[in-house]
Amino acid sequence: MMKYLITVALSTLFVGCSDYLELKPDQKMVIPETLEDCELLLNDYPTMNSGFPIMGEVSADNYYLTATSWQSVSLIDERNGYIWSDEMVTTATPWQTSYKAIYQSNQVLDVLENLRTKPADLTHFNELKGAALFFRAFAFHQLLTNYAMNYSVTNASSMPGIPLRLKPEVDDVVKRASLTDSYAQVIADFKSAASLLPADGALKARPYREAAYGGLARTYLDMGMYEQAYLYADSALHVRADLLDYNSLNANASLPIARFNMEVLFHAITSTSYALAQGAAKIDSNLYRAYEQNDLRKKVFFKANTGANAGTYAFKGSYNNTTSGMFVGLTTAEMYLIRAESAARLGKIAAALTDLNHLMKSRWLTGLYTDFYSVDKNTIIAKILAERRKELLFRGLRWPDLKRLNIDERYKIQLKRIVDGKEYLLEPNSLKYALLIPQDAIDEGKLEQNKR
């Protein structure tokens, strides 16, 4: 079986249509054997922290494209994704890069399992194992939020999830696991990672215990398991609870939010998108108007377009501090919102309001925010969901949020696009919420395609 650390060849792994199934060793490859080898694999930022799927966000409703911008998008898959077309997906890169991170995580786990001598530094060993498990869980979850339907206890066991590659043998045929088993693996990996990782580390691109707690909180929220989501968001915030004061940011800057800032629990980004480029994507007008005048996010997140696009707005609030590669990592702000929503759904009204108002104070002009108050559970949930959308836009979270909220009659919505006068609709709970898997992956892996 093939268990190789790629050195010079690393940059070409998984690039071709079937490379991830036909990887062949050559003279430029060496077998990883030491903790230092594992450290190098996990510190490979381009592989472990970037290139995650972006098509869910392309398909979501935070923005729109003019007909001219849509026609100018050079990648046909993105044009099709924008209008929820059933045309097959020809670009396999986001699928491949996610499985490349999984493969490399599995390499590390395999090396650690087969060390010839007991490591002298058990703490370092545990941290490496925990990090590998975290990276694998994170990549699995990113794939699930794009390529699978929403988790539901009633039918998850019969719904297709993703291929769960748990070994570094890339030539093994691995079929899609059920949605139940897929989420169970994500949870198991995150939990194991949390038990092994140290807390409150300094490197934002490497996971620590609070990031594993955050991954669990995000996953359980997707699953509608609010007690667990509350518990793990709370655990993450007990380790790190820092929030940026948006009053301290230069709202007029082209990119006001620093990369690796104090809110980041774990840094990860997607591949680049043409459709979501700052010059193309126009912020949904209703979403922009939802920000009140003294809400600093209105200036920190958006810039006014000029010329022919005057009166529209572009996004500039990336936590990656760039206009390419959307931030999909974990932050303390997300944890506050998960804990607040979960608390409200569990009837912990005071706790929900405390978290919501604490976050909002850091986003508004100093002294001008008035605490939100209600005793009605549904009113509080609706307010938290509205703030969640305004806080976490272009983070890879709107697509899974739409999926999970569509199963509730109170929150389900129909999405609509208009391109060249033609209207396209996406109905709540449509099978199209499980994006089509790239055709190369279907053909090479003999996988079941998502139904339409």
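Position numbers for residues count from 1 along each chain, tracking the sequence in the order it is written. Whole-chain, interface and lining totals are the exception, using all residues; otherwise, since this is a predicted model, local features are given only for residues with pLDDT of at least 70 and side-chain atom pairs are given and counted only at 80 or more. Side-chain figures throughout are based on the complete set of non-hydrogen atoms in the structure, without hydrogens or water.

- In the annotation of an unreviewed UniProt entry, the chain is listed under the name SusD-like starch-binding protein associating with outer membrane and assigned to Sphingobacterium yanglingense.
- Its UniProt record, at the heading Subcellular location (unreviewed entry), says of the chain: "Cell outer membrane".
- UniProt positions are given in the numbering used here, feature names are shortened, and annotations may be inferred rather than shown by experiment. Under the Sequence similarities (unreviewed entry) heading, UniProt states for the chain: "Belongs to the SusD family."

Examining the pairing of strand β12 (residues 422-426)
Moving on, step 1. The rule for pairing is simple: two strands pair if DSSP sees at least two bridges between them. In this text, helices come from DSSP runs of H or I with a minimum length of four residues, and strands from runs of E with a minimum of two, each type numbered from the N-terminal end. Pairing analysis gives five bridges linking strand β11 (residues 415-419) to β12, with the strands arranged antiparallel. For Lys416, the partnering residue across the bridge sits in β12 and is Leu425.
Moving on, step 2. Where β11 folds back onto β12 in an antiparallel hairpin, the turn is made up of two residues, including Asp420, whose phi is positive at roughly 55°.

Overview of the packing of helix α11 (residues 226-239) against helix α14 (residues 332-345)
Moving on, step 1. Orientation is described by axes fitted as lines to C-alpha atoms, over the contacting stretch for helices, and by angles from 0 to 180 degrees between their N-to-C directions. In the contact formed by α11 and α14, the axes pass within 8 Å of each other and the chain directions differ by 145°. For the pair α11 and α14, the crossing hand works out as left-handed. The residues of α14 that touch α11, namely those facing Tyr226, Ala229, Tyr230, Ala233, Asp234, Ala236 and Leu237, are Thr332, Met335, Tyr336, Ile338, Arg339, Glu341, Ser342, Ala343 and Arg345.
Moving on, step 2. Looking at the contact of α11 with α14 residue by residue, the class counts come to 10 nonpolar, two polar and four charged. Crossing handedness is defined as follows: a turn of the near helix away from the far one that is anticlockwise and smaller than a right angle gives a left-handed crossing, while the clockwise case is right-handed. Contacts are assigned to residue pairs with any non-hydrogen atoms lying within 4.5 Å of each other. Gly falls in the polar group here, along with every residue not listed as nonpolar (Ala, Val, Leu, Ile, Met, Phe, Trp, Tyr, Cys, Pro) or charged (Asp, Glu, Lys, Arg).

Regarding the packing of aromatic side chains
Moving on, step 1. Working definition: a ring pair exists when centres of Phe, Tyr or Trp rings (six-membered ring for Trp) sit within 6.5 Å. Plane angles under 30 degrees give stacked, over 60 give edge-to-face, the rest tilted. Summed over all chains, the structure comprises 25 aromatic pairs.
Moving on, step 2. With 5.2 Å between their ring centres and 75° between their planes, Trp95 and Tyr147 make a pair best called edge-to-face. Of this pair, Trp95 sits in helix α7 (residues 93-113) while Tyr147 sits in helix α8 (residues 122-147), and the two are 52 residues apart along the sequence. In terms of burial, Trp95 and Tyr147 fall into one category: buried.
Moving on, step 3. Centre to centre, the rings of Phe135 and Phe266 are 5.7 Å apart; their planes meet at 65°, and the pair counts as edge-to-face. Note that Phe135 is positioned in helix α8 and Phe266 in strand β6 (residues 264-266), a separation of 131 residues in sequence.
Moving on, step 4. Between buried and exposed lies partly exposed: a residue is buried under 20% and exposed over 50% of the maximum accessible area for its type, with that area taken using a 1.4 Å probe on protein chains only. For Phe135, a relative accessible area of 2% translates into the label buried.
Moving on, step 5. Ring pairs connect the aromatic residues Tyr63, Tyr82, Tyr246, Tyr288, Tyr291, Phe301, Phe302, Tyr313, Phe315 and Phe394, which therefore count as one cluster.
Moving on, step 6. Across the ring face of Tyr291, the terminal group of Lys390 is positioned such that the distance to the ring centre comes to 5.6 Å. When the NZ atom of lysine or the CZ atom of arginine is within 6 Å of a ring's centre and also within 35 degrees of its normal, the charge is said to sit over that ring.

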